[in-house]
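An overview of the molecular structure
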Amino acid sequence: MSDVTKLSASEIAALIADGSVSAVEVADRYLDKIAAEDGDVHAFLHIDADGARAAAAAVDAARAAGEELGPLAGVPVAVKDVMATKGVPTTAASKILEGWLPPYDATVVERLKAAGTVILGKTNMDEFAMGSSTEYSAYGPTRNPWDLDRIPGGSSGGSAAAVAAGLAPLSIGTDTGGSIRQPGAVTGTVGSKPTYGGTSRYGLIAFSSSLDTPGPFARNVLDAALLHEVIAGHDRRDSTSIPQPVPPVVEAAREGARGDLSGMRIGVVREFGTTEGAEPGVIAAYQSGVDALVKLGAEVVEVSCPHFSYALPAYYLISPSECSSNLARFDGVRYGLRVGDDGQRSLEEVMALTREAGFGAEVKRRIILGTYALSSGYVDEYYGQAQKVRTLINRDFTAAFEQVDALVSPTTPFVAFPFGSRTGDPVQMYLADLYTIPSNLYGGPAISVPCGLSEGLPVGMQVMAPTMRDDVMYKVAAAFETTQAALVAPAR
Amino acid sequence: MSTSTLPSYDDVVSRYEPVIGLETHVELGTRTKMFCGCRTEFGADPNTQVCPVCLGLPGSLPVANAAAIEATIRIGLALNCDIAEWCRFARKNYFYPDMPKNFQTSQYDEPLCGEGYLDIEVPGADGPIPFRIPIERVHLEEDTGKSLHVGGSTGRIHGATESLVDYNRAGIPLVEIVTKPVAGTGALAPEVARAYVAELRDVIRSLGVSDVRMEQGSLRCDVNLSLNKPGAEWGTRSETKNVNSLRSVERAVRSEMLRQASILDDGGRIVQETRHFHEDSGDTTSGRSKETATDYRYFPEPDLTPIAPDPAWVAELKAAMPELPRVHRKRLQADWKLSDHDMASVINAGAIPLIERTIAAGASSESARKWWLGELSRRANETGTELAELPITPAQVAELQSLVDGGKVTDKIARTVIEGVLAGEGGPAEVVAARGLEVVSDTGALTAAIDDAIAANPAVAEKIRGGNHAAAGVLIGAVMKATRGQADAKAVRELVIARLS
Ligand SMILES: [Zn+2]
């Protein structure tokens, strides 16, 4: 038997389906590898070995009973700790939720279970998904399997590192400003942010409600599309979920894998060409990526999106504003941490002490920023202006997609950086999401696909498509993937 | 301020003009909550009607209740409001433990229903005096849970050893109806306030969207009041919270008028603040000061999509509106041929629907009104219950009247029958049968009783024979006694006289 931890999800599913390997064997192999190697990487916050084996056994039983298995049945998956999992610890990497056992499953988790995937455990992240390096986890950072002294990206760093290190063939992340794509880029994995509303937010512990989007990580584009198809689709419990059929993403990925993009027009964003602080090695890798698209038959044109330069500041008003309200519920009254309840202190004091002890510095920074941006007298100037910028960015995208089928850019301006190198200056950290934020403000799908190396570290190419045209995005990404040598993190 | 310095009410209204404003919260009677599928029954065990959404658990999301949106639009239509073609929910952010998310999903600058009005009347010496109360807005939001503070002396959170929260009420749809400031009511301000709340209650009840029971908190009222000298600018207002009966609305306005006048008379300044009304004393006391206004940091609720009611649908709702109480009352008054005064008695007794249903069950309007405002009102007063709470149905009242009309029971016996029905002995016919109350109209039995009476009172019989019919009373009394009051006295009299002629 080949080492299942080196195979793609679709290969594992095929082996399980034809009986070459049992789902339980696959789960055990991954659990063993996690036990052996996650001490270094720290991709996981919680391993659910019993749950995983039970789910795997159920798949084996279904197969034995002759039931038809779904395309990912028995395939292990790791889930970002921001998604509620019934009876399994869910902390959003915050001390304030330490010990919380959700009484319900997120819709994405429900769908993973219904599809017969095997949830291995919960992955590390920046606290409440606020960060680009996973250094803001209250439980210690995740390390990049490519270089353990460097960050794995964030906020879904644990999910990205798990896939890059072969600790899971698939994982679920969430993307608010780039939190799937940027870690995907710096770990050499495929990370996809579906159309906002294409995947349900029910059970996703909210950071910024109008931006948060769950999506897949995988080792290749087809696997990402397969996982996308499992978790996507309308959900009545999420009012912002789009009541339309899931775009044919798997079909599109298979079509793209034929390596032919003739007849497609792909835009490069002029305004991204002059980014200060973008690393030359990243730009060079990206340029050869664009050349590869031309070789695939695509017509590459430059388009102008003049308001993209305001995306970062607008994002840092909208997302903290929403987070300041979303995180108000963490007060020690109903669940999670409670500090200072000694019978003497007032309710307000207990709430304040709980929040003081329970939230990390970056979370507090954003709550304070958002509280200020929404406060009376400033709300129009900050939150209101940012919403106007959002409208302008929507117009830029709409105009661009009248000229082209998809847009491409580097995913992030720099490769994985060393721990501590950007924590001292929040703006330096925020720049990691410079290229990814516009798609969140707009709501359209975007994906990061491996695009060579710079200084021995992975670079990502971002493909952006119109809302609910996730299929176009997967087609371009899958075609581009055929031009790239697979990136495999060095074994340790 | 010492209460001994309070000026008289007449004195106050001769020197000050009140401006009132009312904010009314109505819990809708939808089967499920505003943003989740939890049930809404009143009085369930604490925290049994809750789920991740109304508990605000991390990751949960709201889904708006379409029935609540429809009910709010219908209330807006009944109040002559403009219905928004597009509006959004907004988050009102503040920390309080009975609010699971520490924000309330409400509406801010985009209410579902805009400006409108409600016409009301208060009784005057020369007939009803009409007032048009301008409505500022009607919006939809979610209710909070309820806190119970244990161990303190005041029942307030301060000093309590333990605070318990029941989230059953959290997330129940709540409609807020806000009036514009109402000036020009003068001495009638307390009655206008009361009449407005009463009319609003009746309107909402007629729509069938809430049981609007103030005592259960499904209709709650905040009363704003300021005073100004004639011709001067409006004064600073106080906001008296949770005034929970019609009578209290009237008393709260009156007591605030007196309190504020006393402060102004002393050259003092009214503080903009929240005040609490006390049912026992009829006074208000200071709550928290609003001078440093809470910043609620409103912003559009990103978890919910905008509400865009289709104008054609709104037009359909408007066309299907039931007759509103005021119009309905005018029609009934004409149908029942009542004076303004008699109609006012019917309204005050809350007897309109009872009388209507009694008539529908076959009684005449006169008899229906007679029973409900007479014997049944007396019984309700005795037991301190609302007329509608009496354990007798309009159909039973109609049945009773038909027994009287058919000569089965006398008017007097009918009161005994009511006693039996109220005591739970069954319907009128059952009570009559069980208690043996039917009129003795069996001539044989009556004749025997009359013969016995004549035999026992020969002197009286002789007087009657002699033409002194007034003496018949003694014999009638004896017959009534023998039949335990179940004979028709008039029939007995005729039989006695015929026998002795
Ligand atoms: Zn609920």
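An unreviewed UniProt entry lists chain B under the name Aspartyl/glutamyl-tRNA(Asn/Gln) amidotransferase subunit B, with Phytomonospora endophytica as the source organism. One UniProt comment on chain B, placed under Subunit (unreviewed entry), says "Heterotrimer of A, B and C subunits." Check the Sequence similarities (unreviewed entry) section of the UniProt entry for chain B; it says "Belongs to the GatB/GatE family. GatB subfamily."

By the naming in an unreviewed UniProt entry, chain A goes by Glutamyl-tRNA(Gln) amidotransferase subunit A and is assigned to Phytomonospora endophytica. According to the UniProt record, the Function (unreviewed entry) comment for chain A reads "Allows the formation of correctly charged Gln-tRNA(Gln) through the transamidation of misacylated Glu-tRNA(Gln) in organisms which lack glutaminyl-tRNA synthetase. The reaction takes place in the presence of glutamine and ATP through an activated gamma-phospho-Glu-tRNA(Gln)." On record in UniProt, under Subunit (unreviewed entry), the comment for chain A is "Heterotrimer of A, B and C subunits."

**Quick notes on the overall build of chain B**
A tally of helices and strands in chain B yields 17 helices and 13 strands. The C-alpha atoms of chain B give a radius of gyration of 30 Å, which is well past the 23 Å a tight globule of 501 residues would have. Projected onto the principal axes, the alpha-carbon positions of chain B cover approximately 95 × 55 × 55 Å. Split into buried and exposed, the 501 residues of chain B put 40% on the buried side. Of all intrachain contacts in chain B linking residues separated by at least 6 positions in sequence, the fraction that spans at least 24 positions is 68%.

**Re the overall build of chain A**
Secondary structure summary: chain A contains 16 helices and 11 strands in total. The C-alpha radius of gyration computed for chain A amounts to 21 Å, which stays within 12% of the reference 23 Å derived for 492 residues, consistent with globular compactness. The buried share of chain A, reckoned over its 492 residues, is 62%.

**Digging into the interface of chain B and chain A**
Residue-level contacts link 26 residues of chain B with 33 residues of chain A. Taken together, the residues that form the side of chain B that touches chain A break down as 16 nonpolar, 5 polar and 5 charged.

**What to know about the UniProt feature "active site" (unreviewed entry) in chain A**
All names here are of chain A. The sites that carry the UniProt feature "active site" (unreviewed entry) are, in the present numbering, Lys80, Ser155 and Ser179. The annotated residues occupy 100 residues of the chain but converge on a single region, no pair of C-alpha atoms lying more than 11.0 Å apart. Structurally, the position occupied by Ser155 is in the loop between β3 (118–123) and α5 (157–164). You can call Ser155 buried: it has 35 C-beta atoms within 10 Å. For Ser179, the position within the fold is in the loop between β4 (170–175) and α6 (181–187). Judged by the 38 C-beta atoms lying within 10 Å of it, Ser179 is buried. With residues up to four places along the chain from it excluded, the contact list for Ser179 reads Ala129, Gly154, Ser155, Ser156, Gly173 and Thr174.

**Brief notes about the pairing of strand β9 (residues 219–228) of chain B**
All names here are of chain B. With 8 of 10 residues buried, β9 lies mostly within the body of the structure. Here β9 pairs with strand β10 (residues 238–243) via 4 bridges, running antiparallel. In the strand pairing of β10, Leu225 is matched with Ser238.

**Comments concerning the nonpolar core**
In terms of nonpolar packing, the biggest core is built from 232 residues, with A:Val77, A:Ala406 and A:Val463 touching the most fellow members. Ranked by residue count, the leading element in this core is helix α3 (residues 189–207) of chain B, at 9 residues. Excluding anything up to four places from it in sequence, A:Val77 contacts A:Leu112, A:Thr117, A:Val118, A:Ile119, A:Leu120, A:Ala168, A:Leu170, A:Ser171 and A:Ile172. In this structure, B:Ala363, B:Ala380, B:Leu475 and B:Val496 belong to the second largest nonpolar core, which totals 46 residues.

**Details of α3(B)**
Residues and elements named next belong to chain B. Its 19 residues place the ends of α3 27 Å apart at the C-alpha level, agreeing with the 27 Å of an ideal helix rising 1.5 Å per residue. Here α3 lies mainly inside the structure; 14 of its 19 residues are buried. Gly208 occupies a position one or two residues after α3 and carries a positive phi of about 70°.

**Section: the domain arrangement of chain B**
By the assigned domains, chain B splits into domain 1 (3–313), domain 2 (323–435) and domain 3 (443–499). The centre of domain 1 of chain B, based on its C-alpha atoms, is set 67 Å off from the matching centre of domain 3 of chain B.

**Topic: the environment of B:Leu332**
Tracing the chain through its elements places B:Leu332 in helix α6 (residues 325–336). Separated by 33 residues in the primary sequence, B:Leu332 and B:Ser365 have C-alpha atoms spaced 9.8 Å apart.

**Quick look at the sheet that holds strand β5 (residues 190–193) of chain A**
Residues and elements named next belong to chain A. Pairing within the open sheet is mixed, and its 11 strands lie in the order β1-β3-β2-β4-β6-β5-β10-β11-β9-β7-β8. Each edge of the open sheet carries a strand with a single partner, namely β1 (44–47) and β8 (299–303). Averaged over all pairs of adjacent strands, the angle between strand axes in this sheet comes to 30°, irrespective of strand direction. Direction of pairing for strand β7 (residues 265–269) relative to β8: parallel, over a ladder of 5 bridges. Opposite Val268, over in β8, you have Glu302 as the bridge partner. Set on the sheet, helix α3 (residues 49–64) makes contact with β1, β2 (76–80) and β3; between it and β3 the angle comes to about 160°.

**A closer look at the environment of A:Ser156**
Residues and elements named next belong to chain A. Mapped onto the elements, Ser156 comes out in the loop between β3 and α5. Considered as a pair, Ser156 and Gly184 are 28 residues apart in the sequence and their alpha carbons are 8.7 Å apart. Residue contacts for Ser156: discarding those within four places in its chain leaves Lys80, Met125, Gly173, Thr174, Ser179, Ile180 and Pro183.

**Thoughts on the sheet that holds strand β2 (residues 90–93) of chain B**
All names here are of chain B. What the 3 strands build is an open sheet, ordered β3-β2-β13; its pairing is antiparallel. Bordering the open sheet on either side are β3 (103–106) and β13 (299–300), each of which pairs with just one other strand. Relative to β3, β2 runs antiparallel, the two being bridged by 4 bridges. If you follow Ala90 over to β3, its bridge partner there is Ser106.

**Some thoughts on unusual backbone geometry**
Residue and element names in this part refer to chain A. Note that the residue after Gly154, namely Ser155, is joined by a cis bond; omega there is 10°. A positive phi is found at Ala93, a non-glycine position, where the angle reads about 55°. In this structure, Ala129 takes a positive phi of about 70° despite not being glycine. Within the secondary structure, Ala129 sits in the loop between β3 and α5. Among the residues examined, Ala129 registers 30 C-beta atoms within 10 Å and is labelled buried.

**Focus: the UniProt feature "domain: Amidase" (unreviewed entry) in chain A**
Here the UniProt feature "domain: Amidase" (unreviewed entry) sits at residues 25–471 of chain A. Within residues 25–471 of chain A, the helical portion is 38% and the strand portion 14%, while the C-alpha atoms at the span's ends are 33 Å from each other.

**A word on the packing of helix α7 (residues 221–231) of chain A against helix α16 (residues 470–481) of chain A**
All names here are of chain A. Running from N to C, α7 and α16 point in directions that differ by 160°, and their axes come no closer than 9 Å. Between α7 and α16, the crossing angle belongs to the class labelled roughly antiparallel. The segment α7 lies against α16, with Val221, Leu222, Ala225 and His228 engaging Asp470, Tyr474, Ala477, Ala478 and Glu481. In terms of residue class, the contact of α7 with α16 is made up of 6 nonpolar, 1 polar and 2 charged.

Reading the values: the criteria
- Residues numbered from 1 in each chain as written.
- Chains lettered and ligands numbered in written order.
- Predicted model: local features only at pLDDT ≥ 70, side-chain atom pairs only at ≥ 80, totals over all residues.
- UniProt positions renumbered as here; feature names shortened; annotations may be inferred.
- Helix = DSSP H or I, 4+ residues; strand = E, 2+ residues; numbered from the N terminus.
- Rg over C-alpha atoms; globule rule 2.2 N^0.38 Å.
- Buried ≥ 20, exposed ≤ 12 C-beta atoms within 10 Å, placed from the backbone.
- Contact = placed C-beta atoms within 7 Å.
- Nonpolar A, V, L, I, M, F, W, Y, C, P; charged D, E, K, R; others polar.
- Pairing = 2+ DSSP bridges.
- Core = buried A, V, L, I, M, F, W, Y, C linked by C-beta atoms within 7 Å.
- Expected span 1.5 Å × (residues − 1).
- Domains from an automatic or database assignment.
- Axes fitted to C-alpha atoms, helices over the stretch in contact; angles between N-to-C directions.
- Parallel < 35°, antiparallel > 145°, perpendicular 65-115°, else oblique.

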